[in-house]
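Residues per chain are reported as follows:
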Number of protein chains: 2
Amino acid sequence: MSQKPSVPQGTRDFSPVEMARRRYIFSTLEAVFKQYGFKQLETPSLENLSTLTGKYGDEGDKLLFKVLNSGDYLQKAPDELVQAKDSKELIKHIADRGLRYDLTVPFARYVVMHQHEISFPFKRYQIQPVWRADRPQKGRYREFYQCDADIVGSDSLLYEAELSCIYDEAFHRLGIPVSIRINNRKVLESIAIRCGFGETFRDFTVIIDKLDKIGEEKVAEELTALGGDAQAAVALLASKTFNREALDGLAKELNNEVGEKGIAELEELLSYLETQNLHNEIILDTTLARGLNYYTGTIYEVVAKSVKMGSIGGGGRYDDLTGIFGLKGVSGVGISFGADRIYDVLLEMNAFPELGANFTQLIFCPMDEASRLYSFKLASQCREAGIQTEVYPEPAKLKKQLGYADNNGIPVAVIVGENERESGALSVKFLQDGQQESLDILALINRLK
Amino acid sequence: MSQKPSVPQGTRDFSPVEMARRRYIFSTLEAVFKQYGFKQLETPSLENLSTLTGKYGDEGDKLLFKVLNSGDYLQKAPDELVQAKDSKELIKHIADRGLRYDLTVPFARYVVMHQHEISFPFKRYQIQPVWRADRPQKGRYREFYQCDADIVGSDSLLYEAELSCIYDEAFHRLGIPVSIRINNRKVLESIAIRCGFGETFRDFTVIIDKLDKIGEEKVAEELTALGGDAQAAVALLASKTFNREALDGLAKELNNEVGEKGIAELEELLSYLETQNLHNEIILDTTLARGLNYYTGTIYEVVAKSVKMGSIGGGGRYDDLTGIFGLKGVSGVGISFGADRIYDVLLEMNAFPELGANFTQLIFCPMDEASRLYSFKLASQCREAGIQTEVYPEPAKLKKQLGYADNNGIPVAVIVGENERESGALSVKFLQDGQQESLDILALINRLK
């Protein structure tokens, strides 16, 4: 079979150069996570579909990738559904598993399954791919990495502050100026109640979540259609620097119980942040809703200031996620970094540092078979001394061998022919400046260590 | 919804301790790969099903996990297949994608897609999970990591030798004594031809591949049933130390063309290996077949000497894998490490080194709210100095806070109350020996750096 191969839409291969850059992002985030005491966890790519369904809002289930059962998967499927070609209803009969959609639901499942072994508060980080059957576009893939840091087992706002600092420090190290946007679900609810959207809160949040995409006028139209005071709502939905003044102003407007709770949470978060010298701006953005079901308090979103990319980070407080899996009363808060978008931002900003994708320091270029065997022996000696070493593998003119060295950024070539083999005096060529020296193996090793 | 959650059969979560151990294995392998000049690559978990099918033998397609198409996946499915509930034939109509089964076929696809950008020979390593719908058992999972090193674009046996050395060095660093078993597909074919199984070679290799599982007698029975000289075959199928004597003995028996080619390849490989001081034994095992379609020369298998686990590594030479994707004449050779089995071997041998899963060096234990804010500020100063620091997040008695420190292996606790806050003299408790000192923040930082 001969066919032009490709990768599925929304997925990509990563070359050595791309891998070096991705690793740079992951290791930067990981170093910050560890600075704050987070420990690494990994969960399977395959989850039971029952773990995933119903957790991501109305659209979420459609975006899950389902894995077909093995063997005769249709055997036990109800005949009437099969005859009717009812794709939607048949799923549960032919697919028991799916690919994880995020890292938070798997984490909640892990916490419930290991609740007796875990010491709370439990701080974990997780860096793994997730899968969503979204429509691919700029910055949106079907397979992409999330880098999450979550704490469960405490409702303390000190953790909200830690996570804000983690965003600040991580993006500072990566060299990406960001706007760290904060809201609170209780504040949003309070605005909704205040403006007559208390009964239609869900729809209210769906509409204002579209503010960036459809604009204020259209949002006001849809809110009016929903049946509340659109003008009053729009007046309260704004972005301001996160400070005492902004909070006091908001507090005056939200004089219901849920509003007072939300304001109190934001005030406590602000107290912690005021002790810090942050690199980036923190914005109080009362329009911030984000499409997920489970946020109950603080909500985060991070956007790059110099590149249009959508959000490159987001998260929030969830008081009862583990409750879905049977463990009530465990509060959690977490943030996510969109590593693939961050990659695209750094690329667009031309802000990646110089990174090596090739690690070889030295290549032996043998001129005949006996020299190739001899080089193979010397190469091991070099590696034992910690030098990353290759041997050109087959008969070829020196020009071709040096061409390989050049293509692979190898800085030193050791030419080995009969003379070198017999005398032990190797012809060492430094490819960056073209210098050539005669060195024995020990001198060569010393020079390169 | 409240349900007792679980992970799918054959998959596992990895706790922080398990992650530290897995990272230890991956980083050890990666260090060896880099020593030999291999560069990292990653490919998507999702592949087009057409990329995967037909590459892994008769049983392979059954073991692939298929991903259901999104939306109304049954709409275009032929009615007659649906009515007949023909699970097998329907797959291609309802599932365009699958999860990768190994890393070699994706690599071949990558090489063909990027042939004009790649400099040959191309040496890449890849450490990623793969998925197989196998029956789970000891050491066999449905989601597991492979750690592969392959070279494409050269048929030189120097690379076979390099890969043997990589197996030897990697398992030496991990502390696992192994048996590195080598065979050659041409030698196997030669034995088959010599004993009357030339026409039934495929079935011949399937039978002898079962030698470890069903034993010599049953293998002889099945070979007889196949219609050749079972006794002659069994006499030639043996394991010996890989040396000149073993090869000379074999050469005498295999006097056909393909046998001579195979012996010549093994002799060249031996020449390279004779220049090395290897830590482990290399065995010439003419029974080694391995179930895959695409090996054309050298075949490897690695087993642990002290733990019964099945193979923990395997690989071989494939002359025409990229040919399947349209690029002929590119030879490759590669090896794989079964990281999850290696993990289980190290566990059974109790051979993991002491590894930290918790990285926190210091925790602030505040005695009141003002002290918590004060600690939050000091913690940032510690982190700026490179110290991994936590702050106990909520009001709690000191005993509880120190209990958290103890559970998480945090060696230093800094108790902060009104006095400490006002004087700047922090009460620093070293939890390993119980010593307590009074230090200001700068002295504390100096002590811990």
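Everything numeric here is computed off the predicted structure, so don't read it as measured data.

Re the overall build of chain A
Okay, step 1: When its secondary structure is counted, chain A shows 18 helices and 17 strands.
Okay, step 2: By the compact-globule yardstick of 22 Å for 449 residues, chain A is too spread out, its C-alpha radius of gyration being 29 Å.
Okay, step 3: Along the three orthogonal principal directions, the C-alpha set of chain A runs to about 90 × 65 × 50 Å.
Okay, step 4: The buried share among the 449 residues of chain A stands at 59%.
Okay, step 5: By sequence separation, contacts in chain A at least 24 residues apart represent 71% of the contacts at least 6 residues apart.
Okay, step 6: Between the centroid of the 53 positive side chains of chain A and the centroid of its 65 negative side chains there is a distance of 4 Å.

Focus on the environment of B:E390
Okay, step 1: You can see B:E390 is positioned in strand β14 (residues 389–391).
Okay, step 2: Judged by relative accessible area, which is 0%, B:E390 ranks as buried.
Okay, step 3: Sequence separation between B:E390 and B:S190 is 200 residues, and the spatial gap between their C-alpha atoms is 66 Å.
Okay, step 4: The contact partners of B:E390, leaving out residues within four places of it in the chain, are A:Y36, A:G37, A:K123, B:T360, B:L362, B:I363, B:F364, B:R383, B:Y404 and B:I410.

What about the side chain of B:K39?
Okay, step 1: With respect to the helices, strands and loops of the structure, B:K39 is situated in strand β1 (residues 39–40).
Okay, step 2: Buried and unpaired, B:K39 has no salt bridge, with A:E390 as the nearest side chain of opposite charge at 4.8 Å.
Okay, step 3: Side-chain polar atoms of B:K39 contact the side chain of A:N408, separated by 3.0 Å.
Okay, step 4: Non-local contacts of B:K39, meaning those with residues more than four positions away in its chain, are made with A:P16, A:A357, A:N358, A:N408, B:F122, B:K123, B:R124 and B:Y125.

A closer look at the confidence of the model for chain A
Okay, step 1: Taken over all residues, the pLDDT of chain A has a mean of 94, while the share at 70 or more is 99%.
Okay, step 2: Both scores are given for the predicted complex: the pTM is 0.93, the ipTM 0.93.

Description of the interface of chain B and chain A
Okay, step 1: Taken residue by residue, the interface counts 111 residues in chain B and 111 residues in chain A.
Okay, step 2: A combined buried area of about 9,600 Å² lies between chain B and chain A, and 53% of that area is made up of carbon and sulfur atoms.
Okay, step 3: A per-residue breakdown of the area chain B buries against chain A is headed by B:Q35, B:K85 and B:F376, which together make up 8% of the total.
Okay, step 4: Where chain B meets chain A, there are 10 salt bridges.
Okay, step 5: With its nearest N and O atoms 3.7 Å apart, the salt bridge here joins A:E390 to B:K123.

Quick look at the packing of helix α8 (residues 185–194) of chain B against helix α13 (residues 257–273) of chain B
Residue and element names in this part refer to chain B.
Okay, step 1: It is the contact of α8 with α13, at a shortest axis distance of 7 Å, that shows an interaxial angle of 150°. Considering their axes alone, α8 and α13 lie roughly antiparallel with respect to each other. The hand of the α8/α13 crossing is left-handed. Contact residues: K186, V187, E189, S190 and I193 in α8; V258, G259, K261, G262, I263, E265 and L266 in α13.

Quick look at the relation of the copies chain B and chain A
Note on the chain copies: they are related by a rotation about an axis and a translation along it.
Okay, step 1: The transform that puts chain B on chain A rotates by 180° and translates by 0.0 Å along the axis, for an RMSD of 0.0 Å. A rotation of that kind, with that shift, is consistent with a two-fold axis. When C-alpha positions in chain B are compared against the rotation axis, the closest is assigned to B:V67, at 2.3 Å.
Okay, step 2: Both copies present the same face, since 100% of the interface residues in chain B are matched by interface residues at the equivalent positions in chain A.

Details of the environment of B:Y300
Residues and elements named next belong to chain B.
Okay, step 1: Locating Y300 in the fold gives a position in strand β10 (residues 298–304).
Okay, step 2: With relative accessibility at 0%, the residue Y300 sits in the buried group.
Okay, step 3: The spacing of Y300 and S336 is 36 residues in sequence and 9.4 Å in space, taken between C-alpha atoms.
Okay, step 4: Among the polar contacts listed, one links the side chain of Y300 to the backbone oxygen of E160, at a separation of 2.6 Å.

Looking at the packing of aromatic side chains
Geometrically, a pair of aromatic rings is defined through the distance of the ring centres and the angle of the planes.
Okay, step 1: Inspection of every chain in the model, using the stated rule, returns 34 aromatic pairs over all chains.
Okay, step 2: With 5.4 Å between their ring centres and 40° between their planes, B:F171 and B:F337 make a pair best called tilted. With B:F171 in helix α7 (residues 157–174) and B:F337 in strand β12 (residues 332–338), this residue pair connects regions lying 166 residues apart in the sequence. As far as the burial class goes, B:F171 and B:F337 line up, both buried.
Okay, step 3: Counting every residue linked through ring pairs, the aromatic cluster contains A:F33, A:F38, A:Y125, A:Y167, A:F171, A:Y300 and A:F337.
Okay, step 4: A cation over an aromatic ring shows up here: A:R22 above the ring of A:F14, its NZ or CZ 3.7 Å from the ring centre.
Okay, step 5: Directly above the aromatic system of B:Y101 lies the positively charged group of B:R132, at a separation of 4.0 Å from the ring centroid.

Considerations on the pairing of strand β12 (residues 332–338) of chain A
All names here are of chain A.
Okay, step 1: Counting buried positions over the seven residues of β12 gives six, a clear majority of the element.
Okay, step 2: Bridge analysis of strand β6 (residues 143–152) against β12 gives seven bridges, and the strand direction is antiparallel. Note on β12: the bridge partner recorded for I151 is V333.
Okay, step 3: Where strand β11 (residues 311–318) lies against β12, six bridges are found, and the strand directions are antiparallel. By the bridge assignment for β12, R317 is matched with V333.

Notes on α8(B)
All names here are of chain B.
Okay, step 1: Counted residue by residue, α8 has seven buried out of 10 residues, so it is predominantly covered.
Okay, step 2: Burial in α8 covers these residues: R185, K186, V187, L188, S190, I191 and A192.
Okay, step 3: Among the structural elements, β7 (178–184), α9 (201–208), α11 (230–236), α12 (244–253), α13 and β10 are those in contact with the buried residues of α8.
Okay, step 4: Its side-chain oxygen 2.8 Å from the backbone nitrogen of K186, N184 forms the N-cap of α8.

Regarding the sheet that holds strand β17 (residues 436–439) of chain B
Consider a sheet: its strands pair through backbone hydrogen bonds, and that pairing is either parallel or antiparallel.
Residue and element names in this part refer to chain B.
Okay, step 1: One open sheet accounts for five strands, arranged β14-β13-β15-β16-β17; its pairing is mixed. Two strands close off the open sheet at either side, each with one partner strand: β14 and β17. Neighbour-to-neighbour, the strand axes of this sheet turn through a mean angle of 25°, independent of strand direction.
Okay, step 2: Here strand β13 (residues 362–366) runs beside strand β15 (residues 412–416); their pairing, made up of five bridges, is parallel. Looking at β15, one finds that F364 is bridged to V414.
Okay, step 3: Its contacts with the sheet put helix α18 (residues 441–448) on β13, β15, β16 (426–430) and β17, and the angle it makes with β17 is roughly 125°.

So, the sheet that holds strand β5 (residues 122–131) of chain A
All names here are of chain A.
Okay, step 1: Spatial ordering of the open sheet is given by β1-β5-β6-β12-β11-β10-β7-β9-β8, a layout of nine strands whose pairing is mixed. What marks the edges here is a single partner per strand, and that holds for β1 (39–40) and β8 (239–241).
Okay, step 2: Where strand β7 (residues 178–184) lies against strand β9 (residues 281–285), four bridges are found, and the strand directions are parallel. Across the sheet, I180 pairs through a bridge with I282, a residue of β9.

Observations regarding unusual backbone geometry
Okay, step 1: Cis rather than trans, the peptide bond between A:F120 and A:P121 has omega equal to -5°.
Okay, step 2: Despite not being glycine, A:N350 has its phi angle at roughly 55°, a positive value.

What to know about the pattern of salt bridges
Okay, step 1: In this structure the tally under the stated criterion is 51 salt bridges over all chains.
Okay, step 2: A salt bridge links B:E160 to B:R317, with the shortest nitrogen-to-oxygen separation between them at 2.7 Å. A residue pair is termed long-range when its members are at least 10 positions apart, and B:E160 in helix α7 and B:R317 in strand β11 (residues 311–318) qualify at 157 residues. Take B:E160 and B:R317: they sit in the same class, and that class is buried.
Okay, step 3: Residues B:E222 and B:K210 are paired through a salt bridge, measuring 3.1 Å at the closest nitrogen-oxygen approach. In this pair, B:E222 is assigned in helix α10 (residues 211–226) and B:K210 in the loop between α9 and α10, connecting sequence segments 12 residues apart.
Okay, step 4: The network of salt bridges with shared partners includes A:K123, A:E162, B:R383 and B:E390.

Rules used throughout
- Residues numbered from 1 in each chain as written.
- Chains lettered and ligands numbered in written order.
- Predicted model: local features only at pLDDT ≥ 70, side-chain atom pairs only at ≥ 80, totals over all residues.
- Heavy atoms only, no water.
- Helix = DSSP H or I, 4+ residues; strand = E, 2+ residues; numbered from the N terminus.
- Rg over C-alpha atoms; globule rule 2.2 N^0.38 Å.
- Buried < 20%, exposed > 50% of the residue type's maximum accessible area, 1.4 Å probe, protein only.
- Contact = heavy atoms within 4.5 Å.
- Lys, Arg positive; Asp, Glu negative; His and termini not counted.
- Charge placed at Lys NZ, Arg CZ, Asp CG, Glu CD.
- Salt bridge = Lys/Arg side-chain N within 4 Å of Asp/Glu carboxyl O.
- Polar contact = N/O pair within 3.5 Å; in protein donor to acceptor, adjacent residues only side chain to side chain.
- pLDDT = per-residue confidence, 0-100.
- Buried area = accessible area lost by both parts, 1.4 Å probe.
- Axes fitted to C-alpha atoms, helices over the stretch in contact; angles between N-to-C directions.
- Parallel < 35°, antiparallel > 145°, perpendicular 65-115°, else oblique.
- Left-handed = near helix turned anticlockwise from the far one by under 90°.
- Least-squares fit on C-alpha atoms with pLDDT ≥ 70 in both.
- Phe/Tyr/Trp six-rings, centres within 6.5 Å; stacked < 30°, edge-to-face > 60°.
- Lys NZ or Arg CZ within 6 Å of the ring centre and 35° of its normal.
- Pairing = 2+ DSSP bridges.

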